[in-house]
Amino acid sequence: MAAASSELLTGWCLFGLSLLAILAFCWVYVRKYQSRRESEVISTITAIFALAIALITSALLPVDIFLVSYMKNQNGTFKEWADANVTRQIEDTVLYGYYTLYSIILFCVFLWIPFVYFYYEEKDEDDTSTCSHFQTALKYTLGFLMVCAVLLLIGAFVPLDVPQKRNSTEWEKVKFLFEELGSSHGLAALSFSISSLTLIGMLAAVTYTAYGMSALPLNLIKGTRSPTYERLENTEDIEEVEQHILRIKSKCKDGRPLPTRDRRNLQQLEERLRILRRRERHLEFIEKSCWTKFCGAMRPLKIIWGVFFILVALLFTISLFLSNLDKALHSAGINSGFIILGTNLTNPLNMLLPVLQTVFPLDYILITTIIMYFIFTSMAGIRNMGIWFFWIRLYKIRRGKTRPQALLFLCMILLLIVLHTSYMIYSLAPQYVMYGSQKYLVQHNMTLVDGQPGNVTTYVPKVCDADAPEDQCTITRTYLFLHKFWFFSAAYYFGNWAFIAVFLIGLIVSCCKGKKSVIEGEVDEDDSDISDDEPCVYYG
């Protein structure tokens, strides 16, 4: 029992260290993108907390796998301290951890983030009292709470099993529903709600992460245009526009009014001149910046990172393709959510993770690296595309210039993408996520002993799979949350194919595009001149 407590303490201590690192990362990340002029304390705290909770939930995945794996020896036998009660205690500890974190995620998605968002939207639109802003924000937030309640009720009162008696009365059916709810301790309700959010996260991952996985490495390899050359081109454009403006104004020197068409053209040219002059100020600042010179010196390192990221992206895509192909060929079909019984077509990550898992925390480091890679590629996709609602662009994400509402949207999207990351890792390494490195003993009969006839029974260790006895292999709590409802698993399966397709399309588009401007996305038509007061130095 003391050994069991020691192993639990080791796992949770590493989890605690990860917690501190995650909080520090989230603080730096949010502060890097929030607007210096429009920053709000509450929105900043909300964004940091929401992103941290998502990352902490993902950090619990390797801890879950480590704990179920460490209960067994490599020969397939349980360790001395790992009796039934200790195993149940470990499972319950991880399960309650997921209960807590997923409940906080529901609180953030359906109450805290919407309330803070609508509060600042009302604050921007009118100058009424704080009480009025609070009431209006609460009114809109109630709609999100109703959606959350509906999801919880659907998950709780739609049992996965049906009563065996066909002639059951209505009261017996209702009683059965409540027994199902009580027996699962709300697991189905919470799993359905989280799976619904994960499904939205899948759509965000297909949109932003898949494109970012191709755009980020190629942008690092290609680099940006020279600020000196861009400034020269911009100066020529300014001179050209000024000549057009003078030509139009010369038509009204005798006092005659300009025609409607000329007035419209003059207005458009003056707006373009304003933007070009703003670009001139930005380019002049970048050209003289020490950061630009430093980025130029680090150019070879950026190319190396870009090559590394594109190789990692190809590794993920190939592994995901092989995993999905395995499900298409060997799974039980769509009615089972394409759940596969064992691994027939292995992939590089599915082989690597179980090997690293035997030397803790190597797999923990790799999982963390994968999650952070998804975060950075998602951020690259969001920054390149912006936040859209169908064909309407809602917000732009820029370093040091992101509004509080856009920051909340950003962290909401990243939270949903990180939720989907757990299933992505399962798709890449199903054996690892389900059982870790566990093995169980299989009876093997030998008919020859030293060349003499005989019948000897031996036990051979075998890697745990879906055919293993329930009392010999412990399934991770993560797997139970991911596969509680088959139709979500089926949707994730098709989402993986869409992810691969979008990545390949994004790779082709990124290869065909030229170098980005050194001030890409920093000067737009709808920006005000006030935004030039604090130019951002982190270009390139």
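Since we're looking at a predicted model, the values are computed, not measured. (Residues numbered from 1 in each chain as written. Predicted model: local features only at pLDDT ≥ 70, side-chain atom pairs only at ≥ 80, totals over all residues. Heavy atoms only, no water.)

**Description of helix α8 (residues 260-288)**
Compared with an ideal rise of 1.5 Å per residue, which puts 29 residues at 42 Å, α8 spans 43 Å between its outermost C-alpha atoms and is within 8% of the ideal. Turning to α8, its buried residues are Asp262, Leu266, Leu269, Leu273, Ile275, Leu276, Arg278, Glu280, His282, Leu283 and Ile286. (Helix = DSSP H or I, 4+ residues; strand = E, 2+ residues; numbered from the N terminus. Expected span 1.5 Å × (residues − 1). Buried < 20%, exposed > 50% of the residue type's maximum accessible area, 1.4 Å probe, protein only.)

**Quick word on the pairing of strand β2 (residues 392-395)**
Two strands pair when backbone bridges link them, and strand β1 (residues 387-389) and β2 are joined in this way by 3 bridges, in the antiparallel orientation. Across the sheet, the residue bridging to Ile387 is Tyr395, located in β2. What sits between β1 and β2 in their antiparallel hairpin is a turn of 2 residues, with Phe390 showing a positive phi close to 60 degrees. (Pairing = 2+ DSSP bridges.)

**Here we look at the nonpolar core**
In terms of nonpolar packing, the biggest core is built from 121 residues, with Ile105, Leu197, Phe316 and Ile382 touching the most fellow members. With 19 residues, the single largest contributor to this core is helix α3 (residues 84-125). Among the domains, domain 1 (22-162 + 178-216 + 299-437 + 474-512) and domain 2 (439-473) are the pair contributing at least three residues each to this core. Beyond its immediate sequence surroundings of up to four residues, Ile382 is in contact with Tyr208, Ile387, Ile397, Leu410, Ile413 and Leu414. (Core = buried A, V, L, I, M, F, W, Y, C linked by side-chain atoms within 4.5 Å. Domains from an automatic or database assignment. Contact = heavy atoms within 4.5 Å.)

**A look at the side chain of Thr476**
Checked against the element boundaries, Thr476 lands in the loop between β4 (452-463) and α15 (477-482). For Thr476, a relative accessible area of 0% corresponds to the buried category. A polar side-chain atom of Thr476 sits 2.7 Å from the main-chain carbonyl oxygen of Val433. (Polar contact = N/O pair within 3.5 Å; in protein donor to acceptor, adjacent residues only side chain to side chain.)

**Some thoughts on the state of the cysteines**
Counting across every chain of the model gives 0 disulfides. Left unpaired, Cys411 is separated from the closest cysteine sulfur, that of Cys26, by 7.8 Å. Residue class for Cys411 comes out buried when judged on its relative accessible area of 2%. (Disulfide = S-S within 2.5 Å.)

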